[in-house]
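# Observations on the three-dimensional arrangement
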Amino acid sequence: MFKTKEEFKYEFSKRIIEQYGRTVEESHITEKMMILESMVRDYASVNWAMTKMQVRNNHQKQVHYFSMEFLIGRLLVNNMMNLGIYDIAKEGLADYDINIHELEELESDAGLGNGGLGRLAACFMDSLASLSYPAFGHTIRYEYGFFEQKIEDGYQIELPDQWLRLGNIWEVRKPKHACEVKFWGRVEWDGQKQKWRHVNAECIRAVPYDVPIVGNNTTVTNTLRLWKPEPSDHFPKGKNFRLYLQEVNDICQNLYPDDSTPAGKFLRLKQQYFFVAAGLNSIVRAHLRIYPDLSNFHEKNVIQLNDTHPVLVIPELMRILIDDYNYEWDDAWHIVTNTCAYTNHTILAEALEKWPIDMMQNLLPRVYQIVDEIHKRFNGYVKMQTNNDERILNRVMILKDGQVYMAHMAIAGSFSVNGVALLHSNILKDREMKDFSDIFPGKFNNKTNGITHRRWLVYSNPELTELLKNTIGKEWIAHPERLSDLRRYIDDSILQNKFLNVKYQRKIDLANYIKEHNGIEVDVNSIFDIQVKRLHAYKRQLLNVMHIIYLYQRMKQDPSFRIYPHTYIFGAKAAPSYYFAKKVIKLINSVADVVNNDPDTNKYLKVVFIANYGVTIAEHIIPAADVSEQISLAGKEASGTSNMKFMMNGAITLGTLDGANVEIAERVGDKNAVIFGLKVDEINRIKDSHSYHAWDYYNNDMRIRKVVDSLTDGSWGQSREEFRLIFDELMGHNDEYLLLADFDSYVKAQERINDLYQNKELWAHMCLRNIAESGYFSSDRTIEEYVQDIWHLERVKK
Ligand code: AZC
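Residues numbered from 1 in each chain as written. Predicted model: local features only at pLDDT ≥ 70, side-chain atom pairs only at ≥ 80, totals over all residues. Heavy atoms only, no water.

On to the pattern of salt bridges, then. Where charged atoms of side chains with opposite charge meet at close range, the side chains can pair. Counted under the stated rule, the structure contains 58 salt bridges. A salt bridge links Arg366 to Asp323, with the nearest nitrogen and oxygen atoms 2.7 Å apart. In this pair, Arg366 sits in helix 13 (residues 365–385) while Asp323 sits in helix 10 (residues 313–324), placing the two residues 43 residues apart along the sequence. The two residues Arg366 and Asp323 agree in class, both being buried. One salt bridge connects Glu773 with Arg487, and the closest N-O pair in it is separated by 2.8 Å. Linking Glu773 in helix 32 (residues 760–773) with Arg487 in the loop between helix 20 (475–478) and helix 21 (493–518), this pair joins segments that are 286 residues apart in sequence. Look at the salt bridges and you will find they share partners, linking Lys5, Glu6, Lys9 and Asp95 into a network. (Salt bridge = Lys/Arg side-chain N within 4 Å of Asp/Glu carboxyl O. Helix = DSSP H or I, 4+ residues; strand = E, 2+ residues; numbered from the N terminus. Buried < 20%, exposed > 50% of the residue type's maximum accessible area, 1.4 Å probe, protein only.)

Below you can see the structure in the form of structure tokens.
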């Protein structure tokens with residue numbers, strides 16, 4: 001492998017000639033990019049093979065992270081940096097007059113996920129490898145990632161995300177690890193073997209595509225296994241061939257296909273079982289290559305269930321143990337419940353999955369039988385624990401109202417259940433899942449989320465990284481908690497100025513992006529106030545827009561009222577069938593049109609919606625932020641992770657006491673975050689007593705009334721009906737997320753930001769304090785906690 005620039009150049013040109021029959025100069029830019037990628041992959045593959053061998057030879061326990069989503073983003077720079085070959089490659093390419101950044105820009109962003117939960121999985125994979133822990137990820141190899149968002153006339157348009165257009169150099173197809181996954185058919189009792197048999201099943205072959213996960217500054221390289229469905233050799237008799245192929249392909253077409261129809265629901269359940277069954281099959285086979293049987297399976301494997309989507313692991317592993325390896329129920333249950341651990345990412349009812357019983361029974365007849373048995377035995381256990389309390393039993397049952405409650409099965413079948421921030425874990429334990437935590441004291445725990453500081457600071461913000469290195473050295477890169485070394489310097493005026501200058505550079509970079517993509521000129525000296533995340537009512541992007549409307553109306557009305565110049569930046573994808581969310585996007589864009597083009601105010605106020613928010617765009621946006629908007633209704637955002645990314649890049653949190661904001665505020669102190677809004681217990685009281693009346697706020701606060709009225713008086717567009725849906729949500733449905741209740745306190749919080757920002761010294765002090773306290777939010781810390789409390793892994797031994 002190349003160690004010097006010269007060796008790199010030799011290898012690079014040799015490969016281009018071998019592969020494409022041209023010289024470096026003659027080759028096309030995509031060819032150059034793919035050759036560079038293949039070199040990096042091969043560079044990593046030695047470590048990859050070694051890691052697998054070491055884990056096997058040392059009989060080490062591994063964690064298997066099962067997740068429907070892995071939002072890994074681009075890998076080229078990340079892998080080169082983690083391998084420590086970035087500079088060699090960059091300089092070698094420069095000798096050929098190739099700008100490495102141009103190659104980087106060609107890589108597609110692997111968007112195999114929707115949002116926070118998927119990005120968390122990717123951060124975890126990075127930390128696991130970088131901390132040298134043996135780990136596998138399992139998911140589906142989706143043909144299309146999360147949709148590509150375009151904005152036309154202010155509306156969101158969805159296009160297929162063809163991330164595999166140029167192929168995917170990182171993956172390696174592993175047909176020898178393929179297996180069959182069975183659907184449909186029925187179960188039959190085999191009297192001779194005294195066992196249930198699954199007959200007349202339709203088989204689909206699952207083929208793994210392995211992607212190396214390269215650790216930083218370590219030889220450890222783990223695997224992300226993407227499962228692809230293919231036609232089986234056991235073609236279902238009598239089945240229409242085309243239909244069968246269609247069904248096979250459907251499984252991997254899209255992430256979370258529209259599940260508003262029964263066909264969509266079936267497909268989703270199929271996807272879940274597909275990768276769960278395939279993943280388990282490969283883990284079991286790997287185990288049996290080393291050990292004589294599965295009795296010690298849980299001592300060598302731990303499976304983390306990322307939300308309820310992979311919870312079929314529980315009955316499927318039971319099925320394998322009982323049907324394929326002749327274990328008795330109790331022994332199998334012992335193994336399963338000591339293997340599985342479950343992470344909950346949300347308490348929103350619509351996200352807690354339930355599957356119609358008849359659907360599961362038809363699609364997965366044998367698995368369903370086992371679910372039914374788990375349910376019965378769990379009922380027995382609950383009765384015993386609660387002195388036959390029927391009310392509790394009714395609340396915790398796995399099968400009820402004709403549905404399978406996946407979260408209930410997850411809790412019953414796991415040895416650990418965790419939330420993702422302190423507040424969220426407490427809400428689970430004390431409220432949402434209280435019955436369960438009473439039944440299983442000790443099972444519930446908290447693991448506050450984290451983000452990989454490598455991608456989110458070191459690689460995406462090299463300017464700030466350089467400044468930090470010059471100030472406190474580079475220990476913090478391997479030990480992010482050492483960012484606290486910065487505490488001593490936060491009042492150093494030279495450092496403060498340097499920091500403000502780095503921020504300024506990054507704002508120029510983002511301003512250029514906005515100019516190029518939105519055609520909007522923004523003032524780099526204005527406050528960059530940014531809210532980027534999925535669009536959802538509970539995240540309250542609407543509150544942000546309402547405040548912008550208020551500012552605009554007030555400046556129009558009162559020429560003596562002017563704010564410090566502000567650029568409000570949004571980025572958010574709305575689920576394709578989520579009409580309210582799409583209307584909010586339209587509203588943001590319509591308000592932007594009016595406000596940005598009004599010469600009375602546009603020196604003070606600009607609004608920008610950046611399309612197609614995802615990992616790669618986030619890497620540009622986050623380092624440029626002055627203010628991080630984290631304004632969900634308290635109790636609703638399980639953790640949030642962009643809050644951590646912003647903090648680490650020196651932005652000030654403007655947020656409610658929700659999710660991990662609570663822990664951020666606690667760490668940086670009251671003075672270094674701007675907190676507003678109702679707290680969880682206040683909200684619970686309001687909700688429990690049904691004492692909230694949105695109309696009271698409308699009637700009593702002129703500002704609110706004017707803002708709300710503007711939704712239906714044509715202020716923001718052609719038709720008065722355009723934003724009726726939003727008006728109805730607020731006034732017709734009594735403002736479920738209490739925007740009006742928090743409005744006044746949000747206005748005041750924004751005013752605080754306005755004042756604070758104008759004191760440059762104080763502002764820089766606050767930002768630096770945030771960076772200094774952000775080490776805790778590295779996913780390295782989170783992973784160490786999972787390892788200590790749940791997974792009990794050892795680092796890969798040589
Ligand atoms: C998200 C939560 O909404 C977010 O608060 C959290 O930070 C993140 O998970 C990681 O834990 N949830 C999801 O992305 N999706 C679902 C289905 O919860």
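A few words on the sheet that holds strand 20 (residues 527–532). Strand order in the open sheet formed by six strands is 22-21-20-23-24-25, with parallel pairing between adjacent strands. Looking at the sheet topology across the chains shown, the edges are occupied by strand 22 (605–609) and strand 25 (674–675). Inspection of the sheet shows strand 20 paired to strand 23 (residues 627–630) by two bridges, in the parallel sense. Residue Ile530 lies in a different strand from strand 23, and its bridge partner there is Ser628. (Pairing = 2+ DSSP bridges.)

Around the ligand, the surrounding shell holds 13 residues, and the nearest of these are Leu117, His345, Asn449, Glu637 and Gly640. The contact in question runs from an oxygen atom of the ligand to an N or O atom on the side chain of Glu637, over 2.6 Å. At a separation of 2.8 Å, an oxygen atom of the ligand approaches a polar backbone atom of Gly640. When its residues are assigned to classes, the shell around the ligand shows five nonpolar, seven polar and one charged. (Near = heavy atom within 4 Å. Polar contact = N/O pair within 3.5 Å; in protein donor to acceptor, adjacent residues only side chain to side chain. Nonpolar A, V, L, I, M, F, W, Y, C, P; charged D, E, K, R; others polar.)

The next point concerns the sheet that holds strand 15 (residues 354–356). The antiparallel open sheet is built from three strands, whose spatial order is 15-17-16. In this open sheet, the two strands that pair with only one neighbour each are strand 15 and strand 16 (399–400). Pairing geometry for strand 16 and strand 17 (residues 403–405), over two bridges, is antiparallel. Following the sheet pairing, Leu399 is matched in strand 17 by Val404.

The residues that UniProt annotates with the feature "modified residue: N6-(pyridoxal phosphate)lysine" (unreviewed entry) are Lys645. Relative to the helices and strands, Lys645 resides in helix 25 (residues 642–648). The exposure class of Lys645 is buried, given its relative accessible area of 6%. Once residues lying within four places of it in the same chain are set aside, the contact partners of Lys645 are Arg119, Ile451, Trp456 and Ile622. (UniProt positions renumbered as here; feature names shortened; annotations may be inferred. Contact = heavy atoms within 4.5 Å.)

A separate point is the packing of aromatic side chains. Inspection of the entire model under this criterion finds 26 aromatic pairs. When the centroid spacing of 5.3 Å and the interplanar angle of 80° are considered together, the rings of Phe2 and Phe8 count as edge-to-face. In terms of burial, Phe2 and Phe8 fall into one category: buried. Of the aromatic side chains, those joined through ring pairs into one cluster are Phe2, Phe8, Phe12, Tyr43 and Tyr96. The ring of Phe147 has Lys573 lying over it, and the distance from NZ or CZ to the ring centre is 5.3 Å. (Phe/Tyr/Trp six-rings, centres within 6.5 Å; stacked < 30°, edge-to-face > 60°. Lys NZ or Arg CZ within 6 Å of the ring centre and 35° of its normal.)

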